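# Survey of secondary and tertiary structure
These are the residues of each chain, in order.
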Amino acid sequence: YISSCLLCSPFLLAHQVVFDGAPEEILPILEEVSQLKQRSQEDELSLFQLQIRADADLIAIKEALQSHAYYAAEVKAYIEGSVVRFQITPGAIYRVQEIRIWDQKHDQELKMDLVELSLGELATAEQILLFERQLLNALHQQGFAKAVILHRELLVDPEREGAYLHLVLQMGEKYRFG
């Protein structure tokens, strides 16, 4: 928090960016999504500009944490002189608790043992997208060449620290050769 009279100061500052509490494995990703960090060596900014960019970085950092299964992460920014400090409380890592796949054409739930995402795995964006690709590839190999995902929903439950993946597919007709 900065007092309003300091925000209007015309003085330009070289700045540093610090990530306190960030999980080690995703620190490089947080540094990459932070515009303040990326441009800390080239930009000199007023306190007002630092605050505006820190606010923008808060959103990017929270999204990066969520994409790595930290859905309950809390992030706050503090400006202390020329240091922008992001205080990160990552919270629990969310895991996949349920996968439901709905076939829109036949109006029924599919039971798929063809893909590798299983319950208990980390609910990262990368894992979910990999699962979707594997699911579509498996369906294509079974003759559903036009199968597509129409709708994707990932629900997170803070009480259970779990994620629930629901997909709606359009299977199309099964093709047969011969």
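Conventions used here
- Residues numbered from 1 in each chain as written.
- Predicted model: local features only at pLDDT ≥ 70, side-chain atom pairs only at ≥ 80, totals over all residues.
- Heavy atoms only, no water.
- Helix = DSSP H or I, 4+ residues; strand = E, 2+ residues; numbered from the N terminus.
- Contact = heavy atoms within 4.5 Å.
- pLDDT = per-residue confidence, 0-100.
- Polar contact = N/O pair within 3.5 Å; in protein donor to acceptor, adjacent residues only side chain to side chain.
- Expected span 1.5 Å × (residues − 1).
- Pairing = 2+ DSSP bridges.
- Axes fitted to C-alpha atoms, helices over the stretch in contact; angles between N-to-C directions.

## Description of the environment of Leu 110
Tracing the chain through its elements places Leu 110 in strand 7 (residues 108-110). Separated by 59 residues in sequence, Leu 110 and Leu 169 have C-alpha atoms that sit 9.5 Å apart. When near neighbours in sequence (up to four residues on either side) are disregarded, Leu 110 contacts Ile 101, Asp 103, Leu 169 and Met 171.

## A short note on the confidence of the model for the protein
Model confidence for the protein is summarised by a mean pLDDT of 86, while 87% of its residues fall at 70 or above. Between the elements of the protein, mean pLDDT differs from a low of 45, seen in helix 1 (residues 4-7), to a high of 95, seen in helix 2 (residues 27-33). The low-confidence segment residues 1-9, where pLDDT is below 50, has nine contacts with residues more than four positions distant or belonging to other chains.

## Section: the side chain of Ser 34
Relative to the helices and strands, Ser 34 is located in the loop between helix 2 and helix 3 (35-38). Within the local environment of Ser 34, its side chain forms a polar contact with the backbone nitrogen of Lys 37, the two atoms lying 3.0 Å apart.

## Looking at helix 5 (residues 125-141)
Every α-helix winds through 3.6 residues per turn, so residues three or four apart in the chain are directed the same way. The end-to-end C-alpha separation of helix 5 is 24 Å, in line with the 24 Å expected for 17 residues at 1.5 Å each. Residues of helix 5 that are buried make contact with strand 6 (95-103), strand 8 (148-157) and strand 9 (162-170). Of the residues one or two after helix 5, Gly 143 is the one with positive phi, at around 105°.

## Regarding the pairing of strand 9
Here eight bridges tie strand 6 to strand 9, and the two strands are oriented parallel to one another. Bridge pairing in strand 9 links Glu 98 to Tyr 164. The pairing of strand 8 with strand 9 spans nine bridges and is antiparallel. The residue bridging Val 156 from the neighbouring strand is Ala 163, located in strand 9. In this antiparallel pair of consecutive strands, strand 8 and strand 9, the connection spans four residues, and Glu 161 shows a positive phi of 50°.

## Section: helix 4 (residues 47-67)
For helix 4, spanning 21 residues, the distance from its first C-alpha to its last is 30 Å, which sits close to the expected 30 Å at 1.5 Å a residue. Backbone geometry just downstream of helix 4 places Ala 69 in the positive-phi region, at approximately 75°.

## Re the sheet that holds strand 6
If you walk across this open sheet you meet the four strands as 7-6-9-8, and the pairing is mixed. One side of each edge strand has no neighbouring strand; the edge strands of this open sheet are strand 7 and strand 8. Each adjacent strand pair in this sheet contributes to an overall mean axis angle of 25°, direction not counted. Each of strand 6, strand 8 and strand 9 is contacted by helix 5, which is oriented at about 30° to strand 9, the strand it contacts most.

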